[in-house]
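Coordinate inspection notes
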Amino acid sequence: MTCCVFLAQIFFERGTLMKKKVLAAALAFCMVAGLAACGKSSGSTDSTATEGEITLGQYKGIDVKESTYTITEEELQDYRDSVCKYCSYTEDVTEGTLTEGLTVSVNYTAYVGGEEYTSAEATDITLEDDGFEVDGVVEALIGAEVGSTIEVTSTFDEDYTDTDVAGKEVTFSIEILSYETTVIPEYTDEFVAENFAYLGFTTTAELDEYLERDLFVSSVIEEIWDTVIDNATVVSYDSEELAELVTEYSEYQEYIIYYSTGYTLEEYLEAVGMTEDEFTAEMETSAKEELKERMVVEAIAEAEGIEISDTEYDELMEEYAGNYGYDSVEAFSSYYSSLTEEDFLFSMINQKVQEVVADNSNPVADEELETETEDATEAETDSEDETEEGTTTAE
């Protein structure tokens, strides 16, 4: 199995929802933890139902800071480091001196009154405060040599769970077997070939190109995607899909409330002073925001003629499986069985749409763009002030 590393997500941990690439888009929209609203509803004969319609605004030529547009060597190195860290593994070390913070494997026997009280084999002790239930053991292990056997005499606490030995002296004979260390692999051609062959990469230069491209698209999308969404205007939402999504949002939120607080929805709303209508309105607002983003993606895909062929679908599913650490598409699909082919297709289309938006953005000097943003903010504030003054005068 390759190291479990979702390349499109490592760098982009700061992003949210539609700002993530690849499968993250499908997972975010479908809310795997409790929602599966990506598919259109079907089979309805409701004559009052409305279809979704959206008018795209500007999605090409949107200004982006030059510092965002240009990927630096430092950013690329951070990404390489993240990839290596996600591919780290642990191994047992059977020699050396124990230091604070290590996790140690030991065999031990505890004696009370000269008689064996209990024993354990190959048990782990972490060398930190509260790493062992009896005082003095952790302290004695720090500085000891792997492979040695030490004796530690201590006393069980007065409130120890076994009242027969509570408050009594205890002696531990501890054989130190090994300790765990985390190994972060080096970024080499061998490392790339071993872990990213599923992407067709065998050299660091090939993977660098992939990482740099991902950094570019992710960084640009993070900065301008909200603008793309804001520039579009929803004429109407698909009423059936919206109602279905509101219901699923509500059910999911109800589950989270109960799981985290133990309250029913009614009890929670009463506790926070919110009516059921207000709660439903919040769920509808969230559903509309998510639905609008989906509509924007679909509209841009249609405008750009973006489609996914059967061959490309199979290739991208292989990439998804590898990025999530699965050896096969079958194993990956089985784990994410709540997602349909339509969900995965949407994720793939979303990836292509975001690439189009990023590739057609307009790099502008940081200072110039910041000035434009400040001017726009001041103009908006002045407009709001004038509106408030006009309202006051009318009153």
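Everything here concerns the structure above.
Below or above, wherever it landed, is the structure these notes cover.

Conventions and cut-offs
Residues numbered from 1 in each chain as written. Predicted model: local features only at pLDDT ≥ 70, side-chain atom pairs only at ≥ 80, totals over all residues. Heavy atoms only, no water. Patch = residues over 30% accessible without salt bridge, like charges linked within 9 Å, V, L, I, M, F, W, Y side chains within 5 Å. Areas by Shrake-Rupley, 256 points an atom, 1.4 Å probe, with all protein chains shown as cover. Salt bridge = Lys/Arg side-chain N within 4 Å of Asp/Glu carboxyl O. Helix = DSSP H or I, 4+ residues; strand = E, 2+ residues; numbered from the N terminus. Buried < 20%, exposed > 50% of the residue type's maximum accessible area, 1.4 Å probe, protein only. Contact = heavy atoms within 4.5 Å. Polar contact = N/O pair within 3.5 Å; in protein donor to acceptor, adjacent residues only side chain to side chain. Axes fitted to C-alpha atoms, helices over the stretch in contact; angles between N-to-C directions. Parallel < 35°, antiparallel > 145°, perpendicular 65-115°, else oblique. Left-handed = near helix turned anticlockwise from the far one by under 90°. Nonpolar A, V, L, I, M, F, W, Y, C, P; charged D, E, K, R; others polar. 1 Å grid on protein atoms, 1.4 Å probe; cavity = no way out; pocket = protein on both sides within 12 Å on 5 of 7 lines; lining within 4 Å. Points joined across faces, edges and corners; volume = space filled by probe spheres on them. Expected span 1.5 Å × (residues − 1). Bend = angle between axes of the 7 residues up to and from the residue. Pairing = 2+ DSSP bridges. Phe/Tyr/Trp six-rings, centres within 6.5 Å; stacked < 30°, edge-to-face > 60°. Lys NZ or Arg CZ within 6 Å of the ring centre and 35° of its normal.

Together, Y255, I256 and Y259 line one region of the surface with nonpolar side chains, adding up to about 360 Å² of accessible area. Mapped onto the fold, I256 is located in helix α8 (residues 239-261).

With that settled, the discussion passes to the environment of T126. For T126, the location among the structural elements is in strand β5 (residues 115-126). The partly exposed category is assigned to T126, whose relative accessible area is 24%. Separated by 22 residues in sequence, T126 and V104 place their C-alpha atoms 6.1 Å apart. Once residues within four sequence positions are removed from consideration, T126 is found in contact with G101, L102, T103, G131 and V138.

Once that is clear, we can look at the side chain of S218. Secondary-structure assignment places S218 in helix α7 (residues 204-231). Within the structure, the side chain of S218 is placed 2.8 Å from the backbone oxygen of D214, a separation counted as a polar contact.

The geometry of a pair of packed helices is captured by two quantities: the angle between their axes and the separation between those axes. Direction vectors running N to C along α8 and helix α10 (residues 276-304) enclose 125°, while the axes themselves pass 9 Å from each other. By the angle between their directions, the pair α8 and α10 is classed as oblique. For the element pair α8 and α10, the recorded crossing hand is right-handed. Facing E241, L242, L245, V246, Y249, S250 and Q253 of α8, the residues of α10 in contact are F279, T280, M283, E284, S286, A287, K288, E290, L291 and R294. Of the residues that constitute the contact of α8 with α10, the class distribution is 8 nonpolar, 4 polar and 5 charged.

Here the focus is the environment of A299. Relative to the helices and strands, A299 resides in helix α10. For A299, a relative accessible area of 17% translates into the label buried. Counting along the chain gives 246 residues from A299 to E53, while the straight-line C-alpha distance between them is 9.2 Å. If we ignore the near neighbours within four places in the chain, the residues touching A299 are I54 and L56.

This part covers the layout of surface pockets. To find leftover empty space, one rolls a probe the size of a water molecule over the atoms. The volume enclosed by the second largest pocket comes to roughly 170 Å³. Lining the second largest pocket are R294, E298, A299, A301, E302, I306, E342, L345, F346 and I349. Contributing elements (two or more residues each) for the lining of the second largest pocket: α10 and α13 (341-359). Split by residue class, the lining of the second largest pocket holds 6 nonpolar, no polar and 4 charged.

This next bit is on α7. For α7, with 28 residues, the first-to-last C-alpha span of 39 Å sits near the 40 Å given by 1.5 Å per residue. Where α7 bends most, at I224, the angle is about 50°.

This part covers the pattern of salt bridges. A complete count under the given rule lists 8 salt bridges for this structure. For E304, the salt bridge goes to K60, with nearest N and O atoms at 3.0 Å. On the criterion of sequence distance, the pair formed by E304 in helix α10 and K60 in the loop between β1 (53-55) and β2 (63-65) is long-range, its members being 244 residues apart. A relative accessible area of 35% means that K60 is categorised as partly exposed. We note a salt bridge from R294 to E342, for which the minimum N-O separation is 3.8 Å. Placement of R294 in helix α10 and of E342 in helix α13 is noted, with a sequence separation of 48 residues between them. When its relative accessible area of 36% is taken as the criterion, E342 is described as partly exposed. Each member of the salt-bridge network shares a partner with another, and the members are E73, R80 and D208.

Below, the discussion takes up the pairing of strand β6 (residues 149-155). Only one face of β6 is covered, namely the one carrying I150, V152 and S154; the face carrying T149, E151, T153 and T155 has none of its residues buried. Judged from the 7 bridges that link them, β6 and strand β7 (residues 169-183) form a sheet pairing that is antiparallel. Note on β7: the bridge partner recorded for I150 is I174.

In this section: the packing of aromatic side chains. In the structure shown here, the tally under the stated rule is 19 aromatic pairs. On the numbers, 5.3 Å between centres and 65° between planes, the contact of F201 with Y210 is edge-to-face. Owing to a relative accessible area of 13%, F201 belongs among the buried residues under this scheme. Measuring from centroid to centroid gives 5.9 Å for Y255 and Y259, while their planes differ by 25°, and the two rings are stacked. Remark: Y259 and Y255 occur in helix α8; sequence separation between them is 4 residues, near one turn of the helix. We classify Y255 as partly exposed; its relative accessible area is 47%. Note on Y259: relative accessible area 66%, which makes it exposed. Through a chain of ring-to-ring contacts, the aromatic side chains of Y320, Y324, Y326, F332, Y335, Y336 and F344 assemble into a single cluster. The side chain of R294 reaches across the aromatic face of F346, ending 4.1 Å from its centre.

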